[in-house]
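Fold and geometry: a report
The lines below spell out each chain.
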Amino acid sequence: MINDILTIIDLNFIFLVFIGSLAGFFIGAMPGLSVTMATALLVSLTFTWEAKSALALIMGVYVVGVYSGAITAILVNIPGAPSSIATTLDGYPLAKKGKGLIAIRVTTYYSFLGTIFGILMLAVSARHMAKLALAFTPMDYFLLALFGITTVGSLTSKDFLKGLIVAFIGVFISMIGIDPMIGISRFTYGSINLQRGISVIPVLIGLFGFSELLMQLYKGEDDPIEEMDIGGEKIGLKEILSHWKLGLKSSLIGAVIGALPGAGGPVASLIAYDHGKRTTRNNKVAFGEGAVEGLVASEAANNACIGGALIPMLTLGIPGDAVTAVILSAFYIHGLRPGPLLFSETPEMFAIIIAGGVVGSISLLILGLTIAPLVSRLLNISKSYLLPIVALLCIIGSYGASTNSFDILLMLIFGVVGFLMRINGYPIAPMVLGLVLGGLMDSNFRRAMALLSSSDNIFLDIFTKPITVILMTLVLISVISNFISIGYLGKGKN
Amino acid sequence: MGNRQFKEAVFLAIVSVFFIIESYKLHNIDNLAISPALFPLIVSSLILLLSILMAFKYRETDRDERILGDKKVVLKVLALSFFYLYSMDKLGFLYSSMVYIGLFSLILGERNIVRIILFSLLFSSLIYYIFKVLFRVYLP
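So, here's what we can say about the structure. (Residues numbered from 1 in each chain as written. Chains lettered and ligands numbered in written order. Predicted model: local features only at pLDDT ≥ 70, side-chain atom pairs only at ≥ 80, totals over all residues. Heavy atoms only, no water.)

Some thoughts on the overall build of chain B
Counting secondary structure elements, chain B contains five helices and zero strands. Ordered by position in the sequence, the α and β elements of chain B form the string α-α-α-α-α. Its C-alpha atoms give chain B a radius of gyration of 24 Å, more than 25% over the compact-globule value 14 Å for 140 residues. Considering only C-alpha atoms, chain B reaches an extent of 60 × 45 × 25 Å along its principal axes. Taking all 140 residues of chain B together, the buried fraction comes to 46%. Considering only residue pairs separated by 6 or more positions, chain B has 56% of its internal contacts joining residues 24 or more positions apart. A total accessible area of about 7,900 Å² is found for chain B, and carbon and sulfur atoms account for 69% of it. (Helix = DSSP H or I, 4+ residues; strand = E, 2+ residues; numbered from the N terminus. Rg over C-alpha atoms; globule rule 2.2 N^0.38 Å. Buried < 20%, exposed > 50% of the residue type's maximum accessible area, 1.4 Å probe, protein only. Contact = heavy atoms within 4.5 Å. Areas by Shrake-Rupley, 256 points an atom, 1.4 Å probe, with all protein chains shown as cover.)

Shown next as structure tokens:
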């Protein structure tokens, strides 16, 4: 296979991957402009191209687009995509301390590491990982999403109860709209706009971006951007790479979860973040207050998801996430058939994807170390100009996703909700995660219940499946440990 | 027992009871396992339970951790933003954005009118070009 990969990488291939990477860098950083949308555009633009060139461009956009969501997450607390939510928890506090450059460098190196790890997993263990993914039942998907929700305790450094309530409110909001299984309207009260459901992007932008803007106005900080002198602090490569063990573990989490269709970056980065928080000792700064380890965990995981998501797509013809669903369509358009026969009929396609991932990772490193710090210097302008820019980007970001003015209204409403939550001590990230995971939980829970209701022995069906037992145990441990750690039964204790 | 967080917990509990009732109304098929009411019922019940636990936890605390600040400027910006949303369909994206950015800068204390006008024109046009022309996003 290495020979196949080396044969594919020529100057034209590298150039196309780099152009795609450049586009992915700017698109991925803009909330509301998703990598999925960019990939879909590229599939139509490259319709008449040969498959190798089309896939080179698409892989560049995919790899760097996933990474660049972290840039705005760090600099202005607006994640470029749901998979970068965990990055805001430590990235933005680091930027506010004037260490934005450190945050960007760490993110760049560990996104690179995560991507390479995921691509290696794809190259080496695609068939085995595909078997594992096939073994997941609806109950397992539900438990995985529930585990994601219960790890919200990691996201709320102050109050696990409030975090859990907010997360379940997010799950409830995800059920507004047309029920995907039966087709009836739920909680729409006659509104056509609500029948479409509540989109994640305007909620994400409102809760993170617009509410942060309102907080800055409310607190009346004088030119807080001056504090973000991102050129001030330096960090050596040795110090950055000292977290390699956490990076590798997080990458493994990301690659495995990425291989589960539908699970995706948000779940992976959150679980990796939680794992990092629980297992890291002697960190200089606490998680949630600018810990470099938090960035390492979330970014390594969400980029390793790329390789993971490609596994079921290439080996089974089942997309791992929204972007791979679009890439799958690119394969069909070019007359290729992903699936079990891919390796025997068109093995060079597998090599093209691997090569695109590797070259894309190198582009990520180059762009992240050169252009990202330059882009972040744009923040060193007066608040009276910067905040209107951020507001306009929030509005256009919400609108751009679906070109519906109702999404701008949603963004403003959730901006107010997020602002009120912040001033009253409620965490906001769990609500977005609940919204993202809610659909997965609802449909898989009901499928699981339907399967169990027709089972002869429910006990055997649940407790004889190792994956189900492991996930149940993880959920119980997560819930019990979080409740114990906050000492909830204390009298009026926070 | 009059503290703010206790009141919030009670409010959440009342709202969750409302949604438990609304969820129950969705149940319209025999098989509960695939009923559209099942998961909303479970989630709203969980929210109720957690709200009760929260009320129990904060029933006697005196600490109020609300962050204090300037509400007026927040309200001004919110009113401006909602007005911008309303005017976008009437004036179109480009002109309404110019007005929005200009007024926003004024609210934040910028007084150099020439600079405000130039900045509003330049930035709105740039955003319009990037999204409408480069990314082919439809704008009003």
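Digging into the nonpolar core
Within the largest apolar cluster, 156 residues are counted, with the highest numbers of intra-cluster contacts made by A:Tyr62, A:Leu310 and A:Phe331. Looking at this core, the element that brings in the most residues is helix H4 (residues 51-76) of chain A, giving 15 residues. Discounting chain neighbours no more than four positions away, the residues touching A:Leu310 are A:Met59, A:Tyr62, A:Ile119, A:Leu122, A:Thr324, A:Ile327 and A:Ile353. By size, the runner-up hydrophobic cluster in this structure holds 48 residues, among which are A:Tyr385, A:Tyr399, B:Tyr100 and B:Val137. (Core = buried A, V, L, I, M, F, W, Y, C linked by side-chain atoms within 4.5 Å.)

Some words on the packing of helix H2 (residues 11-29) of chain A against H4(A)
Residues and elements named next belong to chain A. In the contact formed by H2 and H4, the axes pass within 6 Å of each other and the chain directions differ by 35°. Remark: the crossing between H2 and H4 carries right-handed chirality. Among the residues making up the contact of H2 with H4, the classes are represented as 13 nonpolar, eleven polar and one charged. (Axes fitted to C-alpha atoms, helices over the stretch in contact; angles between N-to-C directions. Left-handed = near helix turned anticlockwise from the far one by under 90°. Nonpolar A, V, L, I, M, F, W, Y, C, P; charged D, E, K, R; others polar.)

A closer look at a nonpolar patch on the surface
Residue and element names in this part refer to chain A. Judged by side-chain polarity, Leu476, Ile480 and Ile484 come together as a nonpolar surface patch covering roughly 320 Å² of accessible area. Here leucine 476 shows up in helix H23 (residues 466-486). On the accessibility criterion, leucine 476 (54% relative accessible area) is exposed. (Patch = residues over 30% accessible without salt bridge, like charges linked within 9 Å, V, L, I, M, F, W, Y side chains within 5 Å. Salt bridge = Lys/Arg side-chain N within 4 Å of Asp/Glu carboxyl O.)

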